[in-house]
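# Structural characterization, general
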Amino acid sequence: MRSRRDFLQKLTASFIAMPILSRQSYAETERKLTDIFYDGPVLRVAIMGLGSYGTRVAEAMQACTKAKLVGVISGTPAKIAAWQAKYNIPEKNCYNYENFDEIKNNPDIDAVYIITPNALHKPQAIRLAKAGKHVICEKPMALNAAEGKEMITACKSAGVHLLVGYRMHFEAKTLEVIRMRQAGEFGKILFFQGLSGFRIGDPAQWRINKGLSGGGSLMDIGIYSLNAARYMIGEEPVWVTAQETKNDPVKFKEGVDETIQFQLGFPGGAVASCLSTYAMNNLDRFFLNGEKGFAEMQPGHGYGPIKAKTNKGDIELPHITHQTVQMNEMAAIILEGKQPVLPVDGEEGLRDLKIIDAIYAAVKSGKKIQLTS
Ligand code: NDP
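A short tour of the structure in this document, coming up.

Criteria and thresholds
- Residues numbered from 1 in each chain as written.
- Predicted model: local features only at pLDDT ≥ 70, side-chain atom pairs only at ≥ 80, totals over all residues.
- Heavy atoms only, no water.
- Helix = DSSP H or I, 4+ residues; strand = E, 2+ residues; numbered from the N terminus.
- Buried < 20%, exposed > 50% of the residue type's maximum accessible area, 1.4 Å probe, protein only.
- Lys, Arg positive; Asp, Glu negative; His and termini not counted.
- Charge placed at Lys NZ, Arg CZ, Asp CG, Glu CD.
- Pairing = 2+ DSSP bridges.
- Salt bridge = Lys/Arg side-chain N within 4 Å of Asp/Glu carboxyl O.
- 1 Å grid on protein atoms, 1.4 Å probe; cavity = no way out; pocket = protein on both sides within 12 Å on 5 of 7 lines; lining within 4 Å.
- Points joined across faces, edges and corners; volume = space filled by probe spheres on them.
- Nonpolar A, V, L, I, M, F, W, Y, C, P; charged D, E, K, R; others polar.
- Near = heavy atom within 4 Å.
- Polar contact = N/O pair within 3.5 Å; in protein donor to acceptor, adjacent residues only side chain to side chain.
- Areas by Shrake-Rupley, 256 points an atom, 1.4 Å probe, with all protein chains shown as cover.
- Sits in = over half its atoms within 2 Å of the grid points.
- Axes fitted to C-alpha atoms, helices over the stretch in contact; angles between N-to-C directions.
- Parallel < 35°, antiparallel > 145°, perpendicular 65-115°, else oblique.
- Left-handed = near helix turned anticlockwise from the far one by under 90°.
- Contact = heavy atoms within 4.5 Å.
- Phe/Tyr/Trp six-rings, centres within 6.5 Å; stacked < 30°, edge-to-face > 60°.
- Lys NZ or Arg CZ within 6 Å of the ring centre and 35° of its normal.

Glancing now at the overall build of the protein. A count of helices and strands for the protein gives 11 helices and 15 strands. Principal-axis analysis of the C-alpha atoms places the extent of the protein at approximately 65 × 55 × 40 Å. Within the protein, the fraction of its 373 residues that count as buried is 50%. Each charge sign in the protein was given a centre, from 45 positive and 39 negative side chains, and these centres are 1 Å apart.

What follows is about the pairing of strand S10 (residues 271–277). Counting buried residues in S10 gives 5 out of 7 residues, a clear majority hidden from the surface. Sheet topology note: the strand S7 (residues 189–197)/S10 ladder contains 7 bridges and is parallel. Bridge pairing in S10 places Gly194 opposite Cys274. Sheet analysis places strand S9 (residues 259–265) next to S10, joined by 7 bridges and oriented antiparallel. Along S10, the bridge assignment pairs Leu264 with Ala272.

What follows concerns the pattern of salt bridges. Scanning the entire structure with this criterion turns up 21 salt bridges. With its nearest N and O atoms 2.8 Å apart, the salt bridge here joins Glu329 to Lys338. The exposure class of Glu329 is partly exposed, given its relative accessible area of 24%. Classification of Lys338 by relative accessible area gives partly exposed; the value is 37%. Arg351 is the salt-bridge partner of Glu348, the closest N and O atoms lying 2.8 Å from each other. Taken as a pair, Glu348 and Arg351 lie in helix H11 (residues 346–365) at a separation of 3 residues, close to a single helical turn. Shared partners join several salt bridges into a network, and the residues in it are Arg230, Glu236, Glu348, Arg351 and Asp352.

Moving on, we come to empty space enclosed by the protein. For the structure on display, the rule yields 1 cavity of 30 Å³ or more. Lining the largest cavity, in full, are Lys139, Tyr166, Arg167, Met168, His169, Ile223, Tyr224 and Asn227. In terms of residue class, the lining of the largest cavity is built from 4 nonpolar, 2 polar and 2 charged.

Around the ligand sit 26 residues, and of these Ser74, Thr76, Lys79, Tyr97 and Arg167 come closest. Note that an oxygen atom of the ligand is positioned 3.5 Å from one of the backbone N or O atoms of Gly51. Taken by itself the ligand offers 890 Å² of open surface, and the protein chains cover 82% of this. For the ligand, the cavity whose grid points lie within 2 Å of the majority of its atoms is the second largest pocket. Of all the secondary structure elements, the ones that give two or more residues to the shell around the ligand are helix H3 (52–61), helix H5 (118–130) and helix H9 (217–233). Sort the elements by how many residues they give to the shell around the ligand and H5 lands first, with 3 residues. Its residues assigned to classes, the shell around the ligand comprises 10 nonpolar, 10 polar and 6 charged.

With that settled, the discussion passes to unusual backbone geometry. The linkage connecting Gln298 with the following residue, Pro299, adopts the cis geometry, with an omega of -5 degrees. Its place among the elements puts Pro299 in the loop between strand S12 (294–297) and strand S13 (308–310). Each neighbour pair has its own omega, and for Gly304 with Pro305 the value is 5 degrees, a cis peptide bond. Its location among the elements puts Pro305 in the loop between S12 and S13. Residues other than glycine seldom take positive phi values, yet Asn88 does so here, at roughly 60 degrees. Structurally, the position occupied by Asn88 is in the loop between helix H4 (77–87) and strand S3 (94–95).

Strand order in the open sheet made by the 6 strands is S3-S2-S1-S4-S5-S6, with parallel pairing throughout. A strand with exactly one partner marks an edge of an open sheet, and here the two such strands are S3 and strand S6 (162–164).

So, about the packing of helix H6 (residues 145–158) against H11. At their nearest, the axes of H6 and H11 sit 8 Å apart, and the two run at 165 degrees to each other. Considering their axes alone, H6 and H11 lie roughly antiparallel with respect to each other. With respect to the hand of their crossing, H6 and H11 are arranged in left-handed fashion. When H6 is examined against H11, the residues Ala145, Gly148, Lys149, Ile152 and Lys156 are found in contact with a partner set consisting of Gly346, Glu347, Leu350, Leu353, Lys354 and Asp357. In the contact of H6 with H11, the residues fall into 4 nonpolar, 2 polar and 5 charged.

What follows covers the packing of aromatic side chains. Per the counting criterion, the structure on display carries 6 aromatic pairs. Taking the centre distance of 5.5 Å and the plane angle of 70 degrees together, the rings of Trp83 and Tyr87 count as edge-to-face. Note that Trp83 and Tyr87 are positioned in helix H4 at a spacing of 4 residues, about one turn of the helix. Both residues of the pair, Trp83 and Tyr87, belong to the buried class. Considering the side-chain rings of Phe192 and Phe286, the 5.6 Å spacing of their centres and the 45 degrees angle between planes classify their relative orientation as tilted. Taken as a pair, Phe192 in strand S7 and Phe286 in strand S11 (residues 283–290) lie far apart in primary sequence, 94 residues in all. Each of the two residues, Phe192 as well as Phe286, counts as buried. A connected cluster of aromatic rings, assembled from ring pairs, spans Phe198, Phe252 and Tyr278. Its guanidinium or amino end placed over the ring of Phe100, Arg127 lies 3.8 Å from that ring's centre, counting from NZ or CZ. When the ring centre of Trp239 is taken as reference, the NZ or CZ atom of Lys368 above it lies at 4.3 Å.

This is the structure in structure tokens:
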């Protein structure tokens, strides 16, 4: 370990001496070397739900140094067989939704990443906590704040971590904008705008089935603008107002929101104005405005590369696959107790769920809702 570290230090020091390498490419080279020579602990992860995002996470994890895909939980035997062959997953690390409580007897799996429809997150997380496994859960963490609290309690009493798949919390340009705001480079923050949306296709999919999704665009995509309003402004909102527009009530049935505009008020005086929709494409933009400057990110929350500029110019930082960074960082949180710049724990998931509850209540009542922490 010591000699590897010495070797790495010498190797990177020799790169410093190379004048042709820019600061950015030097940092990138150093990161790659650190990855190659990593010999610390590795988080052994099973993915639950082998759908479109689960597939993306599995691919991204192949480049992880601190996390490794070792197991699967799925309701589709053909997918299990395909993943076993592709990722060399042993039979003893494969489960279905009926038998996965048995994972408690499997010492070769440390954590399970839940990537299933939203309504399944809570019951699956509670079963995994009871099985003694760390839980990583996709956003939204649950259908509402009451469910989120149950998940936090279950994981606390089982002594396991509960983390939420907020991949933007580890994205380099996002973190640079936050560093600049914290350093006062934008002055007093007065305004945030978040636009999140896409035109949803297949009307039969779970995303527009209230029983499985818990809502509509807000649960799925609008949550990015909501979450960003909080991390970009750096405060917790104290009030919310919201309005819903529905042009296709056949596709978007009762309880499934097509388009919601919501506004959040912050204690320092800033206001956020956000749009969440399943009816329009090309909505992936954040804008933060302060007395001395601004930050603009477009795309701001897609898979990237994220583009960010401020009043001082473009932010140039290398793009690394979001889910690779996320899983390495989550492994460091679980295995090394690392503190992330932006939280990704159950309490963070709960904060968003409380505001989502309030946005739906504001749509229903047409009133301004006060938020309590
Ligand atoms: P998919 O429909 O592509 O996949 C979901 C998978 O869940 C299915 O393939 C299936 O896997 C499993 N599943 C179990 N029960 C059901 C059920 N009743 N109906 C449908 N599927 C079921 O969805 P996504 O992968 O796009 O989304 C899954 C989760 O990930 C959601 O919570 C979503 O919000 C989140 N997500 C997060 C993203 C991010 O960037 N952080 C991006 C996209 C999604 P199997 O056949 O193996 O059982």
